[in-house]
Every structure is written in C-alpha cells, then in structure tokens.
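# Notes for the structure review
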Amino acid sequence: EQQVQQSPASLVLQEAENAELQCSFSIFTNQVQWFYQRPGGRLVSLLYNPSGTKQSGRLTSTTVIKERRSSLHISSSQITDSGTYLCAMERDSGTYQRFGTGTKLQVVP
Amino acid sequence: DAGVTQTPRHEVAEKGQTIILKCEPVSGHNDLFWYRQTKIQGLELLSYFRSKSLMEDGGAFKDRFKAEMLNSSFSTLKIQPTEPKDSAVYLCASSLENYEQYFGPGTRLTVL
C-alpha cells in the first residue's frame, strides 16, 4: 500500500510559471518534509513543515494535518528548478519517514 | 561541518558476492537511516537506528541485508549474497531526533 501519494506524477512548466505540487497521506502524520532531487543527485531538504504554512524563498509549503495533505507551491519557476520533488511523512515520534514516489518537474524556456 | 558522507560512490558486484557500503552521518545526529532508491519503487527503508539501536529493519529486506552502527559516527550496510535485483542507489540519511533528515550522495550499486 502506498501511504504517501503525490500528484501530479510529472509536470512541464514554462519558465516563470507557478507550480502547485500535492501530497496526501493514507494515515495520520504529524510531520512532513519536502525534498528535491536532480537526476543522479543528492536528496536535498527543501522545507520541514509539521503544520501550517512555511516559506523559503520562492517555495511555500502548506500542511493541513487533519486533512492529511500538504502542498508545495513554487513561484516564478526557473529552469534550474527542474528535477524530482518528493514529500515524506513521519507517522509519530521515533518512527521513520515514508516517501511518495515524487513529482517530476521540467521547466522549459 | 561535513554533511552525510557515503563510500563508495559506485560499486559493481558479481551475483553472489558480498558488498559493504559505508556511511558517516552528520556529527551530533542520533538518527541514521538506510534507504534503497529505484525508479519503480522509489525510496524504501532498509534500516533505521536511533542512538545506535536498531529501531526498524525494513521487513522484507531482512534476509540478505544487514545494517550495523558500530559507533555514533559510522554505519555499514552489508548485502550478502548480492542479486541482480539489488541494483539500485543506496542512500544514507541522518537527523537529530524528530528533526529534518539530511541525505548523503548515495552509492550506485550494479549487480551483474
């Protein structure tokens, strides 16, 4: 059973467009983390967002715990934003994160 | 401060061989995770340690995969014997308890 669902699976944007990536969980979570990965690259933490809204530069994450969902908004996309975005949930203290299968983003000129 | 380091970066093994992958977590972190990443399955947990104690062993990976944490600054993942289906990227991550995870660059394993 895939406990973390991400949508869309892939997305193509024109440069400067905004993107909204979604993550939903089949079970309760109290912590959500968003990651970014270039092909062959390291997973890089973007935002650690247990609940509410958190912003870092052009990225804004909104997590609604009771609705078991989180979103990542990318504003004014750039070509260098291309890559895979993963969300992960942690169920409760002391247990490990479960990852979604990712959204593959391609930003074109 | 160094991030998570993993060695080797690439490993090629013959079917049936034993391989050992290494990980050094961020200094001071007390949680350490081993994952396997493939295009089809995404990230799958292999092992999870807290303060060197094994908390999760990844269920389906028990029989041929063994992770150890000999001290707080070093962990190994042994795969014995390797099979072609083990070809994947193996990732190590660390975190302070209940805080965000930091990942290493991964080891790309190819089993022939």
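Worth saying up front: this structure is predicted, and the values here are computed from it rather than measured. (Residues numbered from 1 in each chain as written. Chains lettered and ligands numbered in written order. Predicted model: local features only at pLDDT ≥ 70, side-chain atom pairs only at ≥ 80, totals over all residues. Heavy atoms only, no water.)

Contact with chain A, which involves 17 residues of that partner, is made by 19 residues of chain B. Both sides together, the interface formed by chain A and chain B hides about 1600 Å², and carbon and sulfur atoms give 53% of it. One can count zero salt bridges joining chain A with chain B. Joining chain A to chain B, the criterion identifies five residue pairs in polar contact (both at pLDDT 80 or more). Elements represented by at least two residues in the side of chain A that touches chain B include exactly β4 (31-37), β5 (44-48), β9 (83-90) and β10 (97-99) of chain A. Here the side of chain A that touches chain B takes four residues from β4(A), the largest share from any one element. (Contact = heavy atoms within 4.5 Å. Buried area = accessible area lost by both parts, 1.4 Å probe. Salt bridge = Lys/Arg side-chain N within 4 Å of Asp/Glu carboxyl O. Polar contact = N/O pair within 3.5 Å; in protein donor to acceptor, adjacent residues only side chain to side chain. Helix = DSSP H or I, 4+ residues; strand = E, 2+ residues; numbered from the N terminus.)

This part covers the nonpolar core. Across soluble globular proteins, you tend to see nonpolar side chains buried next to one another. Counting residues in hydrophobic clusters, the biggest one holds 20 residues, and the most contacted among them are B:Leu32, B:Trp34, B:Leu77, B:Tyr90 and B:Leu109. Contributions of two or more residues to this core are made by β3 (19-24), β4 (31-38), β5 (42-50), β7 (65-71), β8 (74-79), β9 (88-95) and β11 (107-111) of chain B. In this structure, A:Phe25, A:Trp34, A:Leu105 and A:Val107 belong to the second largest nonpolar core, which totals 18 residues. (Core = buried A, V, L, I, M, F, W, Y, C linked by side-chain atoms within 4.5 Å. Buried < 20%, exposed > 50% of the residue type's maximum accessible area, 1.4 Å probe, protein only.)

The next point concerns the sheet that holds strand β1 (residues 4-7) of chain A. Residue and element names in this part refer to chain A. With antiparallel pairing, five strands are arranged side by side in an open sheet as β1-β3-β8-β7-β6. Two strands lie at the open edges of the sheet, namely β1 and β6 (52-56), each paired on one side alone. The average undirected angle you get between the axes of adjacent strands in this sheet is 15°. (Pairing = 2+ DSSP bridges. Axes fitted to C-alpha atoms, helices over the stretch in contact; angles between N-to-C directions.)

This part takes up the layout of surface pockets. Roughly 760 Å³ of volume is contained in the largest pocket. Every residue lining the largest pocket is counted, 30 residues in all, and those nearest its centre are A:Gln37, A:Gly40, B:Gln37, B:Thr38 and B:Lys39. Elements that contribute at least two residues to the lining of the largest pocket include exactly β9 and β11 (103-108) of chain A together with β4, β5, β9 and β11 of chain B. Ranked by the residues each element gives to the lining of the largest pocket, the list is headed by β11(B), at four residues. (1 Å grid on protein atoms, 1.4 Å probe; cavity = no way out; pocket = protein on both sides within 12 Å on 5 of 7 lines; lining within 4 Å. Points joined across faces, edges and corners; volume = space filled by probe spheres on them.)

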